[in-house]
Amino acid sequence: MLKKLLIWTIVFAVSVHLWKHPEFQQYKEYMTDKIWFLAAESTNTKINAKTSMYFEKMQFWMENFTTAEKDLISELSQKPANFHSFISNYCQSKTDYHPVLSKQNLKLACKKALELKSLIERK
């Protein structure tokens, strides 16, 4: 019993000593960043699959869009970062200007994007 207590005391003392070293702190930060990245990456694939639904959702409405506008909608649905930045820059800021989309098409694209965003956040 005393032998186990001594071993555990030594293990605890060594771990406390190592915990304070900058090399260990860097390693600990590296490992936690890696774990968070892996967790975010696994979640990102689900979000990416959902944002790809944006193009499918917009296909019916894109009959009167120009080819540049169609390309923009396709690009927005491929990357979640583009999709979310579009929403924050053009849909939530209440601006009626977009360099590619016309005013009417911007309103429609924002309406459908906000609908999909609420679906993504709900799940």
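One can find the structure itself at the top, above this paragraph.
Parameters at a glance
- Residues numbered from 1 in each chain as written.
- Predicted model: local features only at pLDDT ≥ 70, side-chain atom pairs only at ≥ 80, totals over all residues.
- Heavy atoms only, no water.
- Salt bridge = Lys/Arg side-chain N within 4 Å of Asp/Glu carboxyl O.
- Helix = DSSP H or I, 4+ residues; strand = E, 2+ residues; numbered from the N terminus.
- Buried < 20%, exposed > 50% of the residue type's maximum accessible area, 1.4 Å probe, protein only.
- Phe/Tyr/Trp six-rings, centres within 6.5 Å; stacked < 30°, edge-to-face > 60°.

**A few points about the pattern of salt bridges**
Applying the stated rule across the entire model yields one salt bridge. For Lys112, the salt bridge is made with Glu115, and the minimal N-O distance between the two is 3.8 Å. In this pair, Lys112 and Glu115 are both assigned in helix α6 (residues 103-122), three residues apart and thus about one turn of the helix distant. With a relative accessible area of 10%, Lys112 lands in the buried category. Glu115 sits in the partly exposed class, given a relative accessible area of 29%.

**Details of the packing of aromatic side chains**
This model, assessed by the stated rule, comprises one aromatic pair. Taken together, a centroid distance of 5.8 Å and an interplanar angle of 40° make the contact between Phe86 and Tyr90 tilted. Separated by four residues within a single helix, Phe86 and Tyr90 lie in helix α5 (residues 80-91), roughly one turn from each other.

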